[in-house]
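Fold and contact review
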Amino acid sequence: MSIEDMFSINDSIFVTENSNGAANSGIIITDKGVILVDSTFFPSKARRITQFVSSITTKVILYVINTHYHLDHTLGNCAIDAPVVGSTLTKKYLESFDLKAFKQTLEPLIQKELKDAKLIPPSMVFKNKLTFDLGNKKIEIVRMGGHTPDSSVVYVWPEGICFCGDLVFAGYHAEIEEDSDLSKWISSLKKIKEKNPKWIVPGHGEVGGIEEIDDMILYLEKFKSLSKLLKLKRTKEVVDKFGEDPVFANRGFALLFEESLANYLKRRGKNGKNVGADKT
């Protein structure tokens, strides 16, 4: 991994944007050391990121922060020699995840690649918020919820950067799971916008500005509308709107959109009723 593979926000903050839509990772160089945001899916890639860090600074990696528990953001933890920081929920989810069973669902080549991969849950945890004062930069981690109950964002001040994890997908369809809460997700995005960050780093896709928040809110609001049409069995309208509306048609990973609709409609409340499209 070289400097050419990185998006440089400035000479101390880099993002591994992935042209194939894989999860992004962040590098923040501070007076007191280096912070990594998310470790990607493959430990081999996480090692390349740490090698890149060593090539540009002699400062040690202080922490790797996990924005949420999904493995494309956390499995690389095991390749980074630094404490992992995450919410108490992220720790809980990773500790209960059956990695062995998950590996068996993967293609043989990927199983081989992940043969020695281990889940490393956060050893430094917070419930709702944690702040690091690192001299020239303040790192503020806030659990927001929405994409997953443990979804957190990482603000970097004074630069005004928000590493949004999977609360933002730029140019790709969002991954909406059975534990996603779209109303909470939209609320979280609005709270990010209130902070008025200059830079938005999505979990997947290219780094952008505050317009990425507006685009994501619009996407989720329209997604909720389509899910309601599906519940009413108005499938043709959903197909037509998906094909004609640029909010949907211009994003990558069309199959993920179909999976997300299915996942959202499967959501169940405690009383057993389907609540996937009912929240407003």
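Above: the structure in question.
Now for a look at the structure at hand.

The rules behind these values
Residues numbered from 1 in each chain as written. Predicted model: local features only at pLDDT ≥ 70, side-chain atom pairs only at ≥ 80, totals over all residues. Heavy atoms only, no water. Helix = DSSP H or I, 4+ residues; strand = E, 2+ residues; numbered from the N terminus. Contact = heavy atoms within 4.5 Å. Expected span 1.5 Å × (residues − 1). Pairing = 2+ DSSP bridges. Axes fitted to C-alpha atoms, helices over the stretch in contact; angles between N-to-C directions. Parallel < 35°, antiparallel > 145°, perpendicular 65-115°, else oblique. Left-handed = near helix turned anticlockwise from the far one by under 90°. Nonpolar A, V, L, I, M, F, W, Y, C, P; charged D, E, K, R; others polar.

Observations concerning the environment of Val37
- Residue placement: Val37 occurs in strand E4 (residues 34-37).
- For the pair Val37 and His73, spaced 36 residues apart in sequence, the C-alpha to C-alpha distance is 8.7 Å.
- Contact partners of Val37, with chain neighbours within four places excluded, come to Asn24, Ser25, Gly26, Ile28, Ile65, Thr67, Val154 and Phe163.

Let's talk about helix H1 (residues 43-56)
- Its 14 residues place the ends of H1 20 Å apart at the C-alpha level, agreeing with the 20 Å of an ideal helix rising 1.5 Å per residue.
- Those residues of H1 that are buried lie in contact with strand E2 (13-15), strand E3 (26-29), E4 and strand E5 (61-65).

Quick look at the side chain of Ser12
- Inspection of the secondary structure puts Ser12 in the loop between strand E1 (7-10) and E2.
- Filtering out sequence-adjacent residues up to four positions away, Ser12 remains in contact with Ile27, Ile28, Ile29, Lys137 and Glu159.

Details of unusual backbone geometry
- Of note, the bond from Trp157 into Pro158 is cis; its omega dihedral lies within 30 degrees of zero at 10°.
- Counting through the fold element by element, Pro158 comes out in the loop between strand E10 (152-157) and strand E11 (161-163).
- Residue Asp38 is not a glycine yet carries a positive backbone phi of 70°.
- With respect to the secondary-structure elements, Asp38 resides in the loop between E4 and H1.
- Look at Phe253: it is not a glycine, yet its phi comes out positive at around 70°.
- Considering the arrangement of structural elements, one finds Phe253 in the loop between helix H9 (246-249) and helix H10 (254-266).

A word on the sheet that holds strand E8 (residues 129-133)
- Taken together, the five strands give an open sheet; going across it, the order is E8-E9-E10-E11-E12, and neighbouring strands pair in mixed fashion. Only two strands of the sheet have a single partner each, and these edge strands are E8 and strand E12 (199-201). Sheet twist, expressed as the mean angle between neighbouring strand axes with direction ignored, is 15°.
- Where E11 meets E12, three bridges bridge the pair, whose relative direction is parallel. The residue bridging Ile161 from the neighbouring strand is Trp199, located in E12.
- Helix-sheet contacts for helix H6 (residues 182-195) involve strand E9 (138-143), E10, E11 and E12, and the interaxial angle to E10 is about 5°.

A few points about the packing of helix H7 (residues 211-231) against H10
- At a minimum axis distance of 10 Å, the contact between H7 and H10 shows a crossing angle of 65°. Judged by the angle between their axes, H7 and H10 are roughly perpendicular. H7 and H10 meet at a crossing whose hand is right-handed. Of the residues in H10, those touching H7 at Tyr219, Phe223, Lys224, Leu226, Ser227, Leu230 and Lys231 are Phe257, Ser260, Leu261, Tyr264 and Leu265.
- For the contact of H7 with H10, the residue count by class is eight nonpolar, two polar and two charged.

Function cannot be read off these values alone, since they describe shape.
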